[in-house]
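What follows is the residue order along each chain.
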Amino acid sequence: MGRKALIDQEELRRLAGQGLSNAELAARFGVSESGILQAKRAAGLSKPMLDHSRAIPWKLDRAHNQSGPATNLRNLSSVAQGRTIPAEKLNTALRWAGRLVASGMDVSYEPGRGFSEVPASPEDWLVERMLNEVRKAIEDHAEKDHTEEGPGEKGHVEGILGDRPEG
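Residues numbered from 1 in each chain as written. Predicted model: local features only at pLDDT ≥ 70, side-chain atom pairs only at ≥ 80, totals over all residues. Heavy atoms only, no water.

As judged from the 6 bridges shared by strand E1 (residues 105-110) and strand E2 (residues 114-119), these two strands associate in the antiparallel manner. Paired with Glu 110 across the bridge in E2 is Gly 114. Here E1 folds back onto E2 in antiparallel fashion, the turn holding 3 residues, of which Gly 112 has a positive phi close to 90°. (Pairing = 2+ DSSP bridges. Helix = DSSP H or I, 4+ residues; strand = E, 2+ residues; numbered from the N terminus.)

Moving on, we come to the packing of aromatic side chains. Scanning the entire structure with this criterion turns up 3 aromatic pairs. When the ring of Tyr 109 is compared with that of Phe 115, the centres are 4.9 Å apart and the planes differ by 55°; the resulting orientation is tilted. When sorted by exposure, Tyr 109 lands in the same class as Phe 115, which is buried. Here the aromatic cluster, defined as three or more aromatic residues joined through ring pairs, consists of Trp 58, Tyr 109 and Phe 115. (Phe/Tyr/Trp six-rings, centres within 6.5 Å; stacked < 30°, edge-to-face > 60°. Buried < 20%, exposed > 50% of the residue type's maximum accessible area, 1.4 Å probe, protein only.)

Looking at the element boundaries, Ser 78 is found in helix H4 (residues 68-80). When neighbours within four sequence positions are excluded, Ser 78 is seen to be in contact with Leu 50, His 52, Arg 83 and Ile 85. (Contact = heavy atoms within 4.5 Å.)

Counted according to the given criterion, the structure contains 6 salt bridges. Here Arg 13 and Glu 10 are joined by a salt bridge, their closest N and O atoms 2.9 Å apart. Here Glu 10 and Arg 13 lie together in helix H1 (residues 9-17), a separation of 3 residues that amounts to about one turn. A residue is classified by how much of its surface remains accessible, and Arg 13, at 32% relative accessible area, is partly exposed. The closest approach of N and O atoms between Arg 129 and Glu 133, which form a salt bridge, is 3.8 Å. One end of the pair, Arg 129, and the other, Glu 133, are both in helix H6 (residues 126-149), 4 residues apart, so they sit about a helical turn from each other. Judged by its relative accessible area of 26%, Arg 129 falls in the partly exposed class. Overall, the relative accessible area of 23% leaves Glu 133 in the partly exposed class. (Salt bridge = Lys/Arg side-chain N within 4 Å of Asp/Glu carboxyl O.)

Right, let's get into the nonpolar core. Counting 25 residues, the largest nonpolar core has Leu 73, Leu 76, Trp 96 and Val 107 as its most contacted members. Contributing elements (two or more residues each) for this core: H4, helix H5 (87-102), E1 and H6. In terms of residue count, the dominant contributor to this core is H5 (7 residues). Not counting chain neighbours up to four residues away, the residues in contact with Val 107 comprise Trp 58, Leu 73, Trp 96, Leu 100, Phe 115, Ser 116, Val 118, Leu 126 and Val 127. Formed by 10 residues, the second largest nonpolar core is a distinct cluster that contains Ile 7, Leu 12, Leu 25 and Ala 39. (Core = buried A, V, L, I, M, F, W, Y, C linked by side-chain atoms within 4.5 Å.)

This part is about the packing of H4 against H5. As a packed pair, H4 and H5 sit with axes 9 Å apart at the nearest point and diverge in direction by 110°. The pairing of H4 with H5 is recorded here as roughly perpendicular in orientation. H4 and H5 meet at a crossing whose hand is left-handed. Contacts between H4 and H5 involve Pro 69, Asn 72, Leu 73, Asn 75, Leu 76 and Val 79 on the former and, on the latter, Lys 89, Leu 90, Thr 92, Ala 93, Leu 94, Trp 96 and Ala 97. In terms of residue class, the contact of H4 with H5 is made up of 9 nonpolar, 3 polar and 1 charged. (Axes fitted to C-alpha atoms, helices over the stretch in contact; angles between N-to-C directions. Parallel < 35°, antiparallel > 145°, perpendicular 65-115°, else oblique. Left-handed = near helix turned anticlockwise from the far one by under 90°. Nonpolar A, V, L, I, M, F, W, Y, C, P; charged D, E, K, R; others polar.)

Looking at the secondary structure, you find Arg 74 in helix H4. Here Arg 74 occupies a buried position and makes no salt bridge, while the nearest side chain of opposite charge, Asp 51, is found at 11 Å. (Lys, Arg positive; Asp, Glu negative; His and termini not counted.)

So far we have only geometry, and geometry alone does not tell us how the molecule works.
Structure below.
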């Protein structure tokens, strides 16, 4: 078992604030990058891990972890949990989910085979549920921005969300 390195949290905050990478911080403090990640968590410098199990309820094979559906579901899950992601990633995930919902389709997963599009089950429609959670999160964020900063953000959000089906 290795010894516990002493990393000055104030120094870590200062250097991380200057934009040093984890590799640079690790070299500076004489620890591994994993040690830096642990120190950042202890210092409150890292965001908590998100739980994507509502969006990806399957144990994915490593080969499918970075597939389009897995990435889109993770991106939708991130936004639904309040994270900000790059607009192009959000727009890609929203277009993908919107296309599936508009055509009455959902996704399914089989280890060894990967993801497939299947007719949606109204009782358990994963992509529709995720799309609704994202829309709510975006609207909540826009309302907060609108209240705090005045009008302006709402139109942009409506543009991202597009037209919604009735019902």
